[in-house]
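Architecture at a glance
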Amino acid sequence: IETAPLAIALFDAHSLRVLQVNQMAAAFFDRPAEQLVGGTPHDWFIGAPGEAMAADLRSAGAANEVLRRELRLEGTAGARLWDTRFVSLPTSAGAREQVLLVASDVTEQRAEAQARFEAAIAQREMLVKEVHHRIKNNLQGVAGLLQQNAARHPEVAAILSESVGQVQAIAQVYGLQVGSAGP
């Protein structure tokens, strides 16, 4: 387990003391591996984070299911996001003696996903602006055609000028609607 790309820590299910860790687990707990063996979550995480991890270890130790959590941990290298799984390891007699913690650092994946999301929103806003601009231009073109017909046929000029005004008003509305961030 020493060379695994995942943080792996084995806990005693009753005392919640660490029995074994690998180097990635040392990064997870933000402490040297030697300092971790024999300690509990309360030794590394003060307050709510320590209580939450101890509760997760107890819950996993009492269940047959994998308990999954995403944890945000502050360390010397800054905040990191970890996808964690707690698994109860029963003995041959069926008693729950150990809990295995397996975690992977997902900080970069979450940052990349957030960047993709923000890029998609920006692209959507740009497309909405472009569609509104094209609709406005097309409506102004329709108004121009109606004005040309009114000039060629003076007998319907009054009726067409009312329609031209309505079409130009609609075109103005599309000119004002520039997306969720604008007017």
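Structure: see above.
Residues numbered from 1 in each chain as written. Predicted model: local features only at pLDDT ≥ 70, side-chain atom pairs only at ≥ 80, totals over all residues. Heavy atoms only, no water.

1. Describing the side chain of Thr40
- As for its placement among the helices and strands, Thr40 is situated in the loop between helix H2 (33-36) and helix H3 (41-44).
- Dropping the residues within four chain positions of it, Thr40 is found in contact with Ser15, Leu16 and Arg17. (Helix = DSSP H or I, 4+ residues; strand = E, 2+ residues; numbered from the N terminus. Contact = heavy atoms within 4.5 Å.)

2. Things to note about the nonpolar core
- Counting residues in hydrophobic clusters, the biggest one holds 27 residues, and the most contacted among them are Phe11, Phe28, Phe29, Met53 and Phe86.
- In terms of nonpolar packing, the next biggest core, distinct from the first, is built from 8 residues, Ala143, Leu146, Val164 and Ala171 among them. (Core = buried A, V, L, I, M, F, W, Y, C linked by side-chain atoms within 4.5 Å. Buried < 20%, exposed > 50% of the residue type's maximum accessible area, 1.4 Å probe, protein only.)

3. Thoughts on the packing of aromatic side chains
- Taken as a whole, this structure holds 5 aromatic pairs when the rule is applied.
- Aromatic pair Phe28 and Trp82: ring centres 5.1 Å apart, planes at 85 degrees, arrangement edge-to-face. Linking Phe28 in helix H1 (residues 23-29) with Trp82 in strand S4 (residues 78-90), this pair joins segments that are 54 residues apart in sequence. Neither Phe28 nor Trp82 differs from the other in exposure class; each is buried. (Phe/Tyr/Trp six-rings, centres within 6.5 Å; stacked < 30°, edge-to-face > 60°.)

4. Here we look at the layout of surface pockets
- If you add up the space inside the largest pocket, you get close to 180 Å³.
- Together, 16 residues line the largest pocket, and Ala27, Phe28, Asp30, Glu74 and Gly75 are the ones closest to its centre.
- For the lining of the largest pocket, the secondary structure elements donating two or more residues are H1, strand S3 (67-75) and S4.
- Each residue belonging to the lining of the largest pocket can be placed in one class, and the counts come to 8 nonpolar, 3 polar and 5 charged. (1 Å grid on protein atoms, 1.4 Å probe; cavity = no way out; pocket = protein on both sides within 12 Å on 5 of 7 lines; lining within 4 Å. Points joined across faces, edges and corners; volume = space filled by probe spheres on them. Nonpolar A, V, L, I, M, F, W, Y, C, P; charged D, E, K, R; others polar.)

5. Re the environment of Trp44
- Tracing the backbone through its elements, the reader meets Trp44 in helix H3.
- Overall, the relative accessible area of 7% leaves Trp44 in the buried class.
- A C-alpha to C-alpha distance of 11 Å links Trp44 and Leu73, two positions 29 residues apart in sequence.
- In contact with Trp44, other than residues within four places in its own chain, are Phe11, Val18, Phe29, Arg31, Gln35, Leu36 and Gly39.

6. Here we look at unusual backbone geometry
- Phi is positive for Leu16, which is not a glycine, with a value near 65 degrees.
- Mapped onto the elements of the fold, Leu16 is located in the loop between strand S1 (7-12) and strand S2 (18-21).
- We classify Leu16 as buried; its relative accessible area is 5%.

7. Re the pattern of salt bridges
- For the structure on display, the rule yields 8 salt bridges.
- Between Arg68 and Asp83 there is a salt bridge, with its nearest N and O atoms 2.9 Å apart. Taken as a pair, Arg68 in strand S3 and Asp83 in strand S4 lie far apart in primary sequence, 15 residues in all.
- Taking the relative accessible area as the measure of exposure, Arg68 reaches 48% and is therefore partly exposed.
- Relative accessible area serves as the criterion here: at 7%, Asp83 is assigned to the buried category.
- A salt bridge links Glu70 to Arg110, with the shortest nitrogen-to-oxygen separation between them at 2.6 Å. Remark: Arg110 occurs in helix H5 (residues 107-152) and Glu70 occurs in strand S3; sequence separation between them is 40 residues.
- Accessibility expressed as a relative area gives 42% for Glu70, which makes it partly exposed.
- Overall, Arg110 belongs to the partly exposed group, its relative accessible area being 34%.
- The network of salt bridges with common partners includes Arg68, Asp83 and Arg85. (Salt bridge = Lys/Arg side-chain N within 4 Å of Asp/Glu carboxyl O.)

8. Section: the pairing of S3
- Taken together, the 9 bridges between S3 and S4 define a ladder with antiparallel strand orientation. Residue Gly75 lies in a different strand from S4, and its bridge partner there is Gly78.
- Counting the residues between successive antiparallel strands, the hairpin from S3 to S4 contains 2 residues. (Pairing = 2+ DSSP bridges.)

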